[in-house]
Amino acid sequence: MERSLLKFLFSSWAISRLLLLAPLLLQPLPQALNRWDVVHYLALAQHGAQGNLQAFFPLWPALIAWLFSATATISSNGFLWAGFGLANFAFLIALGLMHQQALRLWGDRAARWTVLLACFNPLSLFAAIPYTEALYLLLTAAALSQTVAPLLQGVAAGLAAATRPTGVLLLPGFLLQRRWAAAALTGLGLGAVLLLGLRSSGDPFAFLHAQQSGWGHQPGLNLSGLPRWQRLFSQILLGGQNTEAGQLVDFVFPVLMLSCALLAIAAWRLNQNRPNSALILGGISLMGAWLLAGSPFLNGAMAIASAALLLWGWARLPLEHRCFALASIAAYLLKQNTISFERHLYATVPLLLLLGLWASLHPRWAKLLLGFGSLLCLVFGLRFASGGWVG
């Protein structure tokens, strides 16, 4: 790998991590990292899968526990530092693998935009803290990479299936390609999770039942989450106050949101003949919608944009990428709630690759998205450091 490319990868990674994590320097470290699901991963690493913690797939906490296997106990601080270091290292390697894939498929411009928009994305916060996103990105990028040996692709896919439930969705692409060894290794990863559940609780589907009892999710894919999606888009279009009241009590919010939508339509219509005006209107529309609706807008925009991006780039992707992206989007849309939906979509490698391709073809709009993402990186970092909810 050329020195200039290494410099680009490292600088993109480092600057974006600085934007996201600099506010944490005002908090006591590493305990400031110990929030949300990190608390559960720490408990899993220290005590193993018990009760409702079986809802989490085991590879990430097991990897941390393995690092401490030579010591008698896993301290809270040790886990947090190890998880922090591993997550950031895994994300850096994942960026290199995604750059290689985009370079082989579409050239240097698409590859560089893939890295930039993966880094300067506020949801990459979850690849900078002891969450599964970075490891999952690394493993799925390796499983889909044409520069990785076939056997190692299968091993990576199996490990991905032991990291998150959607890792097994690599399987359809392997089967359609008649890559039997990779498919078997992918299934082996899920099989290991089932065996672990059988060994620890006598229930091979303990992870599904723990999700139901601990988080109120119905096992499997179903439409029970539709009311939450209805609520999400009501918050975007009508506002939180109107959604909570069940009637129109705040007339200002929907009028302002309609204005943002009209600005977006005007930007689209002007894009060919008056690109500068279109860019300004598009930026105002994007910023206005976010300021009005906040996190619900980002969640809804991620859902719509991901589906549109896959439809736009369908013929440009290899078969395995298409299958994995389509199955992942379908699985996330059929979740029983919208919490964490956006970060799961972010950690879908084919979508990040397509985003880089789109950006290389529309650099003016890509720069707007890059600037908006950088701003949100700082906002998300401040929220995380202050203990607020992100996502």
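Refer to the structure above for everything that follows.
Summarised in this report is the structure supplied together with it. (Residues numbered from 1 in each chain as written. Predicted model: local features only at pLDDT ≥ 70, side-chain atom pairs only at ≥ 80, totals over all residues. Heavy atoms only, no water.)

1. What to know about helix H15 (residues 295-313)
No. 1: Here H15 spans 26 Å end to end across 19 residues, near enough to the 27 Å set by a 1.5 Å rise per residue.
No. 2: Within the span of H15, buried status applies to Ser295, Pro296, Phe297, Leu298, Asn299, Gly300, Ala303, Ser306, Leu309, Leu310 and Gly313.
No. 3: Contacts made by the buried residues of H15 are with helix H11 (226-237), helix H14 (275-293), helix H16 (319-333), helix H17 (341-346), helix H18 (349-361) and helix H19 (363-385). (Helix = DSSP H or I, 4+ residues; strand = E, 2+ residues; numbered from the N terminus. Expected span 1.5 Å × (residues − 1). Buried < 20%, exposed > 50% of the residue type's maximum accessible area, 1.4 Å probe, protein only. Contact = heavy atoms within 4.5 Å.)

2. Section: H11
No. 1: Along its 12 residues, H11 runs 16 Å from first to last C-alpha, staying within 8% of the 16 Å computed at 1.5 Å per residue.
No. 2: Among the residues making up H11, those that are buried are Trp229, Leu232, Ser234, Gln235 and Ile236.
No. 3: Buried positions along H11 lie against helix H12 (240-245), helix H13 (252-270), H14, H15, H16 and H17.
No. 4: Positive phi shows up at glycine 239, right after H11, with a value of about 100 degrees.

3. Observations regarding unusual backbone geometry
Trans is the prevailing form of peptide bonds, just as negative phi is the prevailing case for residues other than glycine.
No. 1: Backbone torsion omega between leucine 29 and proline 30 reads 0 degrees, so that peptide bond is classified as cis.
No. 2: Within the fold, proline 30 resides in the loop between helix H1 (3-21) and helix H2 (37-47).
No. 3: Phi is positive for tryptophan 36, which is not a glycine, with a value near 55 degrees.
No. 4: Tracing the backbone through its elements, the reader meets tryptophan 36 in the loop between H1 and H2.
No. 5: Although it is not a glycine, arginine 178 sits at a positive phi angle of roughly 60 degrees.
No. 6: Structurally, arginine 178 is set in the loop between helix H8 (171-176) and helix H9 (180-201).

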